[in-house]
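Remarks on the overall topology
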Amino acid sequence: MPLTFKDVRRLFQVPTKGRVRLRDYDPGWAADKELQELTKDELKARAKEFLAHTVTDLADAQERLYASDTHSVLIVLQASDAAGKDGTIKHVMTGVNPQGCQVFAFKKPSSEELDHNFLWRYMRALPERGRIGIFNRSYYEDVLVVRVHPELVNLPSGKKGRKEFWEDRYDDINQFERHLTRNGTLVLKFFLNVSKKEQGKRFMERLENPEKFWKFSFGDLDERKHWDEYQDAFENMIQHTSTEWAPWWVVPADHKYVTRALVAGIITRAIDDLGVAFPEVSEEKRQRFGAAKADLLADGVKPKGKKKKKKDAEVATEEEER
Ligand code: ATP
Ligand code: MG
């Protein structure tokens with residue numbers, strides 16, 4: 001039985017109330033039983049096919065978003081290392097007009113950034129109306145890496161590290177996203193949920209496959225040692241910041257193609273639900289089309305429709321002649 005969007009929402013959208021447990025979300029999920037019985041290659045082929053289809057729909061939705069110029073879309077991607085953020089961006093955004101899309105990857109903050117409030121650098125990178133902005137890591141790092149390593153917080157000691165400190169940050173983030181949604185930005189947040197086992201496999205591949213050597217970072221191994229603390233930080237963050245205006249999606253990430261297909265499907269559906277359409281052309285403007293056409297005709301430009309008809313006629317004559 002094909003998976004409906006209702007199923008996708010039920011399985012992966014985090015409720016806005018109640019306790020969240022990451023262990024309720026299976027990183028190795030691969031659709032229903034039927035799909036789980038497929039071999040890895042078959043699953044890949046199936047998801048690839050779905051992705052190709054959805055990516056076309058997404059390109060179309062993005063064009064309407066750009067033309068209507070009424071909303072913007074902010075896509076937030078958070079995950080452990082090697083969960084597939086980069087690959088997801090690459091595959092999901094294929095076919096989308098580069099003019100309507102921008103990607104920002106947030107790394108360790110500069111000293112200038114650290115001298116401002118923690119949301120400052122992200123505010124400066126928000127997508128303008130009509131565009132899709134992707135945050136590859138985001139202000140959520142400020143309740144994740146910084147929570148696991150509180151010495152990174154650039155504030156007077158005493159404040160940081162306390163439970164209330166993080167609760168204030170969740171609250172700031174929720175209000176910030178509320179402000180964005182009230183002002184026409186759709187906020188879509190994805191946590192790519194990879195298992196520790198799969199992350200280990202991917203790191204090992206980076207050490208064994210010469211084409212992937214460049215991806216290996218010793219720092220990633222150090223962070224892996226804090227796996228449980230990160231899982232706690234993710235869980236806490238998702239529980240406190242899954243809101244009605246900006247819910248979290250916890251997407252299974254042990255099968256890359258499944259992740260990509262789900263993310264593309266969710267984004268497309270969310271943009272569709274905004275109801276963005278090509279702008280209406282006023283009657284007055286349309287009436288002036290006649291004069292504009294006449295100008296072009298006088299300039300020797302042939303209308304496309306007529307040219308095609310002529311071609312058809314030519315073909316018919318040729319056939320008659322034969
Ligand atoms: P990739 O490894 O795929 O190229 P990446 O997102 O892991 O991409 P890196 O340069 O490896 O990029 O890592 C960026 C680092 O910056 C991460 O360890 C992240 O936790 C850290 N970082 C991001 N935002 C903050 C922040 N606000 N405070 C402190 N560290 C941050
Ligand atoms: Mg990295």
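Above this text sits the structure in question.
Nothing here was measured: the structure is a model prediction, and the numbers come from that model. (Residues numbered from 1 in each chain as written. Chains lettered and ligands numbered in written order. Predicted model: local features only at pLDDT ≥ 70, side-chain atom pairs only at ≥ 80, totals over all residues.)

Things to note about the overall build of the protein
Condition: In this text, helices come from DSSP runs of H or I with a minimum length of four residues, and strands from runs of E with a minimum of two, each type numbered from the N-terminal end. Every C-beta atom is placed from the backbone, and the number of other C-beta atoms within 10 Å of a residue's own sets its class: buried at 20 or more, exposed at 12 or fewer, partly exposed in between. Distance between backbone-placed C-beta atoms decides contact: two residues are in contact if it is within 7 Å.
The number of helices and strands found in the protein is 14 helices and 5 strands. Taken over 322 residues, the protein has a buried fraction of 29%. Nonlocal contacts in the protein, meaning residues at least 24 apart in sequence, comprise 83% of its contacts between residues at least 6 apart.

Topic: the site of ligand 1
For clarity, the cut-off: Here, nearness is defined through the C-beta atom: a residue counts as near a molecule or strand if that backbone-placed atom lies within 6 Å of it. Amino acids are sorted into nonpolar (Ala, Val, Leu, Ile, Met, Phe, Trp, Tyr, Cys and Pro), charged (Asp, Glu, Lys and Arg) and polar (every other residue, Gly among them).
Not every one of the 15 residues close to ligand 1 is listed here, only the nearest: Phe106, Lys107, Lys108, Glu141 and Val145. Of the residues that constitute the shell around ligand 1, the class distribution is 6 nonpolar, 2 polar and 7 charged.

Observations concerning the nonpolar core
Counted only if it meets this: Linking buried Ala, Val, Leu, Ile, Met, Phe, Trp, Tyr and Cys residues through C-beta atoms within 7 Å yields a set, and such a set is a nonpolar core.
One finds Ile75, Phe190, Phe191, Leu192, Val251 and Ile267 to be the most contacted residues of the largest nonpolar core, which totals 58 residues. For this core, the secondary structure elements donating two or more residues are helix H3 (40-68), strand E1 (72-79), strand E3 (132-136), helix H8 (163-182), strand E4 (185-193), helix H11 (227-241), strand E5 (248-252) and helix H12 (256-274). For this core, the element with the most residues is H12, which contributes 9 residues.

Some details on the sheet that holds E1
Heads up, the condition is: When DSSP locates at least two bridges between a pair of strands, those strands are taken to pair. Under this scheme, a helix contributes an axis fitted over its contacting stretch, all axes are lines through C-alpha atoms, and angles between N-to-C directions fall in the 0 to 180 degree range.
Here we have 5 strands laid out as an open sheet, ordered E2-E3-E1-E4-E5, and parallel in their pairing. Every interior strand has two partners, whereas the edge strands, strand E2 (101-105) and E5, have only one. Pairwise comparison of adjacent strand axes, ignoring direction, gives a mean angle of 20° for this sheet. Relative to E3, E1 runs parallel, the two sharing 5 bridges. Looking at E3, one finds that isoleucine 75 is bridged to isoleucine 134.

With respect to H11
Selection rule: To estimate the expected span of a helix, count its residues, drop one, and scale the result by 1.5 Å.
End to end, H11 covers 21 Å across 15 residues, agreeing with the expected 21 Å (1.5 Å per residue, within 8%). Against the buried residues of H11 lie H8, E4 and E5.

What to know about the packing of helix H1 (residues 5-12) against H12
Quick reminder of the rule: Angle categories: roughly parallel below 35 degrees, roughly antiparallel above 145, roughly perpendicular from 65 to 115, and oblique for all the rest. Two helices that cross are described as forming a left-handed crossing if the nearer one is turned anticlockwise from the farther one by less than a right angle, and a right-handed crossing if clockwise.
Orientation of H1 relative to H12, taken along the N-to-C sense of each, is 110°, at an axis distance of 11 Å. As judged from the angle between their axes, H1 and H12 are roughly perpendicular. The two elements H1 and H12 meet at a crossing, and its hand is left-handed. Counting all contacts with H1, which are made through Phe5, Val8 and Phe12, the residues of H12 involved are Leu262, Gly265, Ile266 and Arg269. A per-class count over the contact of H1 with H12 returns 5 nonpolar, 1 polar and 1 charged.

A closer look at the pairing of E5
In terms of burial, E5 is largely enclosed, as 5 of its 5 residues are buried. Residues of E5 alternate between two faces, with Trp248, Val250 and Pro252 on one and Trp249 and Val251 on the opposite face, all of them buried. Bridging between E4 and E5 involves 5 bridges; their strand directions are parallel. What sits directly across from phenylalanine 190, in E5, is tryptophan 249.

Quick word on unusual backbone geometry
Notably, aspartate 69 is not glycine yet its phi reads approximately 55°, a positive angle. Even without being a glycine, arginine 137 presents a positive backbone phi close to 75°. For arginine 137, the position within the fold is in the loop between E3 and helix H7 (145-148).

Details of the packing of H3 against H12
Close contact between H3 and H12 brings their axes to 8 Å; oriented N to C, the two are set at 25°. Our classification of the angle between H3 and H12 gives roughly parallel. At the point where H3 passes H12, the crossing takes the left-handed sense. Contacts between H3 and H12 pair Leu43, Lys44, Ala47, Lys48, Phe50, Leu51, Thr54, Val55, Asp57, Leu58, Ala61 and Leu65 from the former with Tyr257, Val258, Arg260, Ala261, Ala264, Gly265, Ile267, Thr268, Ile271 and Asp272 from the latter. Class assignment for the residues of the contact of H3 with H12 results in 14 nonpolar, 3 polar and 5 charged.

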